[in-house]
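Take a look at the letters that make up each chain.
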Amino acid sequence: MAEVLVYVDHVNGTVRKPTLELLTLARRLGEPVAVFLGPGVGTAAPVLAEYGAVRVLAADLPEFADHFLVPRVDALRAAVDTASPAAVLVPSSADGKELAARLAVRIGSGLITDAVDVEAGEHGPVATQSVFAAEFTTRSRVTRGVPVITVKPNSAAPEAAPAVGTVEQLAVTVGEASRGTRIVSRTPRESTGRPELTEAAIVVSGGRGLGDAGNFALIEALADSLGAAVGASRAAVDAGWYPHTSQVGQTGKSVSPQLYIAAGISGAIQHRAGMQTSRTIVAVNKDGEAPIFELADYGVVGDLFQVVPQLTEEIASR
Ligand code: FAD
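The notes below deal with the structure included here. (Residues numbered from 1 in each chain as written. Predicted model: local features only at pLDDT ≥ 70, side-chain atom pairs only at ≥ 80, totals over all residues. Heavy atoms only, no water.)

If you walk through the whole model with that rule in mind, you get one aromatic pair. Seen from their ring centres, F216 and Y242 are 4.3 Å apart, and the 20 degrees between their planes marks the pair as stacked. Residue F216 is found in helix α6 (residues 216-226), and its partner Y242 is found in the loop between α7 (234-238) and β14 (259-263); the two are separated by 26 residues along the sequence. Taking the relative accessible area as the measure of exposure, Y242 reaches 14% and is therefore buried. (Phe/Tyr/Trp six-rings, centres within 6.5 Å; stacked < 30°, edge-to-face > 60°. Helix = DSSP H or I, 4+ residues; strand = E, 2+ residues; numbered from the N terminus. Buried < 20%, exposed > 50% of the residue type's maximum accessible area, 1.4 Å probe, protein only.)

Structure follows, in structure tokens:
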């Protein structure tokens, strides 16, 4: 059976959930082989094996830490040469998409980004994408080279399928061209203690209906009662009520959680573009004609200042 490379997204060996989703999807296409770059493979390998990695190709070079992504492209290239895979799957983060694009150019392959599903096809993997502000669903396949596909977080439920997961060292030569820039310092963002927006299983978002920045506390309280991430519409972000890093939509982040709760958001097409693939959508809006209700699985026509605290109280009491 052909091997399928899965690029591992991790923090010092703690594997992030999108990688487990990719390992689950990769099993539809062949035997998953994890590509682990950086420190912590000892921590990661048992988890990768639990989710089906038949082997783990690992490399930890100083260049991964103090340069941008390009040395990782050298490593992925080496992994492709080693495994001759049927496909390369990469999580659809900003870094993942840059890495995938650079790899596809390097190996002369076609690239599909932001897939929400991947399945085996007669002529290679077929990826499903949601396009044009989620107005259309397309199914595509790469017709040239090793398919490189980025997959959005929450596209599949991770399922364990224990495999051997032997760790093998990957020989990587970092070319001079890959050292063009160097990271001088890093300042970690202050943690909110909430899950990362694009990976969260539940997202609670607030919009202009909140009226001012202070009222986002209502959204945060509901999010915390559910263990959710907080999102915002562009109107709320442009008003300075919430940081741009939390903006959901065409010019913000694209999320695909199990549950998306929109409070005081009208549901403009540009907002929908970033959340329409959510599994279940709940809207709270005082205007029963708001476009968000065309999309919502459950809707509450009411004042968010009454509905949201009641919801938080009810969830917290359970
Ligand atoms: P509004 O459209 O003003 O809606 C507020 C809603 O709150 C209304 O439906 C109202 O009925 C409701 N409301 C008011 N008070 C209450 C209350 N007390 N209780 C309950 N409901 C209440 N937008 C994005 O979100 N993300 C993007 O990435 C994005 N990118 C864009 C890119 C371009 C090129 C352009 C042109 C626009 C983009 N927009 C984006 C903006 C988008 O068109 C909308 O203007 C924006 O989404 C509106 O935000 P909103 O729903 O919070 O505000």
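Back to the write-up after that little detour.
The next subject is the packing of α6 against helix α10 (residues 304-316). In a pair of packed helices, the angle between the axes and the distance between the axes together describe the arrangement. At a closest axis distance of 9 Å, the pairing of α6 and α10 adopts a crossing angle of 25 degrees. As judged from the angle between their axes, α6 and α10 are roughly parallel. You can see that α6 and α10 cross each other, and the crossing is left-handed. For the pair α6 and α10, the contacting residues are L218, A221, L222, S225 and L226 in the first and L304, F305, V308, P309, L311, T312 and I315 in the second. In terms of residue class, the contact of α6 with α10 is built from ten nonpolar, two polar and no charged. (Axes fitted to C-alpha atoms, helices over the stretch in contact; angles between N-to-C directions. Parallel < 35°, antiparallel > 145°, perpendicular 65-115°, else oblique. Left-handed = near helix turned anticlockwise from the far one by under 90°. Contact = heavy atoms within 4.5 Å. Nonpolar A, V, L, I, M, F, W, Y, C, P; charged D, E, K, R; others polar.)

Bringing the pairing of strand β7 (residues 111-119) into the picture now. Regular strands place side chains that alternate from one sheet face to the opposite one. Pairing of β7 with strand β10 (residues 148-151), which is carried by three bridges, proceeds in the parallel orientation. Directly across from L111, in β10, lies its bridge partner V148. Where β7 hands over to strand β8 (residues 126-131), the hairpin turn is made up of six residues, of which G124 adopts a positive phi near 115 degrees. (Pairing = 2+ DSSP bridges.)

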